[in-house]
Amino acid sequence: MEKLLAETASRATRYLASLPERSVVPSPVSVAALEKLGGPLPESPADPAQVLALLDDIGSPATVATAGPRYFGFVIGGTLPAALAANWLAGAWDQNGAMQISSPVAARLEEIVLQWTIDLLDLPAGSGAGFVTGTTMANFTSLAAARTALLKRAGWNVEEDGLFGAPPIDVVVGDEVHVSLLKALSLLGFGRSRVTRIPVDNQGRMRFDALPPLNDRTLLCIQAGNVNTGAFDPAAQICARARDANAWVHVDGAFGLWGALSPQYAPLLAGFNAADSWAIDCHKWLNVPYDSGLAVVREPKHLQAAMSISAAYLTSSNMREPWHYVPESSRRARAIELWAAMRSLGRAGLRELIERNCRQARLFAQLLADAGFSILNDVVLNQVLVSFGTADQTRAIIAAIQSDGTCWCGGTQWQGNTAMRISVSSWATTDEDVRRSADAMVKIARQLLTR
Ligand SMILES: Cc1ncc(COP(=O)(O)O)c(C=O)c1O
């Protein structure tokens, strides 16, 4: 075992060392070679060292270098050194994070990380949280708590009686709602098309003046950090109106809520802490390994009511039982890596990560604008939208940038325009990486435009 793990550590170290210089995308030859991992399952056991060698030799070249410094697609962070190392230790521990009795360390780390998160993001003291796989499940988990609470107010027990015949809940979202939130709503029986969509402004922010009347059976979903522009809904106004009406406000704060860490960006977050629940991603901007997210609920009793189960053989204590806050029973102990990430960077290091990535997003915007290309959004956070000309030109340039391999960015549609999205979310990105990537983008764009 010792030799195997030491060898694996040097393979992983070699892989990480190769990231800054290798192509961000794997070559077609490397992807085709993945066939070598298949074939019929061998009848007899193999030496684990050989199995790992095969996995590394064939698998590593076929990875996308999302852990490297020049991946700007979707909203994908890297993995902080302490978080990666903690992930290895956690693998060795093989803890089932479900219960206090199955892992006291995982249960205690959840409590610590929750307190740190509440403190870092200025969320209400006493909030409860479930440690889940990412924002999709954080939205699902928080919205389940909202469903329980809103229906309880109307005298209905959704856990016992389901949704057939239940009093209706009015779900309100911004027109720029993330698709994963709509998916969570559909999984919860609210339906994707049954929602009221509120018009947005030119940055994708929900228009406060277009809010419908709210009441104590309204579930209002707002956003901290639009996936295209990084913009924030006007939370202070919305939450004040919702509080007067006793409506539930849920925040999809996947990456944007981390902005609260910095005094520079905290003003954008004003009022979000007056909501009732928050979905937060950790594998994005907190730079922990996949998968990791947090569903935070102001009044933990609603989350517990939605998620708790019991059975004679399952023990429960009077301590915080992790599995009373999440959809799963057995699960990965994600708080281990979260603890390591937060403990290693500290408040100042986390703030520096957020501020550096935002500054780098502005640097990208400046370099591309100086080269004559259009920036379509106000760069308020870590997201940049670029147009290289017509829709066809922009699409062709995105494809060429992707296959070039210096860096990777995806495409999107923004209010009728085709654009390239740049999302700066990794601890590993240096200013030099931004300049090198911008140079490659400009060179490729000019080559294609002058053809
Ligand atoms: C605003 C927003 N909500 C939800 C999601 C979905 O997150 P996940 O892929 O972790 O489920 C994303 C992903 O980018 C996002 O930006």
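First, a word on what this report is: a plain description of the structure on this page. (Residues numbered from 1 in each chain as written. Predicted model: local features only at pLDDT ≥ 70, side-chain atom pairs only at ≥ 80, totals over all residues. Heavy atoms only, no water.)

## Structural notes on the packing of helix α11 (residues 335-370) against helix α13 (residues 431-449)
The contact between α11 and α13 brings their axes to 10 Å, and the two run at 30 degrees. Relative to α13, the element α11 is oriented roughly parallel. Relative to α13, α11 is oriented so that their crossing is right-handed. Two secondary-structure elements touch here, α11 through R359, Q360, L363, F364, L367 and L368 and α13 through D431, V434, R435, S437, A438, M441 and V442. Counted by class, the contact of α11 with α13 contains eight nonpolar, two polar and three charged residues. (Axes fitted to C-alpha atoms, helices over the stretch in contact; angles between N-to-C directions. Helix = DSSP H or I, 4+ residues; strand = E, 2+ residues; numbered from the N terminus. Parallel < 35°, antiparallel > 145°, perpendicular 65-115°, else oblique. Left-handed = near helix turned anticlockwise from the far one by under 90°. Contact = heavy atoms within 4.5 Å. Nonpolar A, V, L, I, M, F, W, Y, C, P; charged D, E, K, R; others polar.)

## A word on the packing of aromatic side chains
On inspection of all chains with the given rule, the structure shows five aromatic pairs. A ring pair is formed by Y71 and W408, whose centres lie 5.4 Å apart and whose planes are at 5 degrees; its orientation type is stacked. On the criterion of sequence distance, the pair formed by Y71 in the loop between α3 (48-59) and α4 (81-93) and W408 in the loop between α12 (391-404) and β10 (410-414) is long-range, its members being 337 residues apart. Overall, the relative accessible area of 5% leaves Y71 in the buried class. (Phe/Tyr/Trp six-rings, centres within 6.5 Å; stacked < 30°, edge-to-face > 60°. Buried < 20%, exposed > 50% of the residue type's maximum accessible area, 1.4 Å probe, protein only.)

## Digging into the packing of helix α5 (residues 104-121) against α11
For any two helices packed against each other, one specifies the inter-axial angle together with the distance between the axes. Following both chains from N to C, one finds α5 and α11 inclined at 30 degrees, their axes separated by 9 Å at the closest point. As summarised for this structure, α5 and α11 are arranged roughly parallel, according to the angle between their axes. The handedness of the crossing between α5 and α11 is left-handed. Contacts between α5 and α11 involve A106, L109, E110, I112, V113, W116, T117, D119 and L120 from the first element and A335, I336, L338, W339, M342, R343, R347 and L350 from the second.

Nothing here speaks to function; it is geometry throughout.
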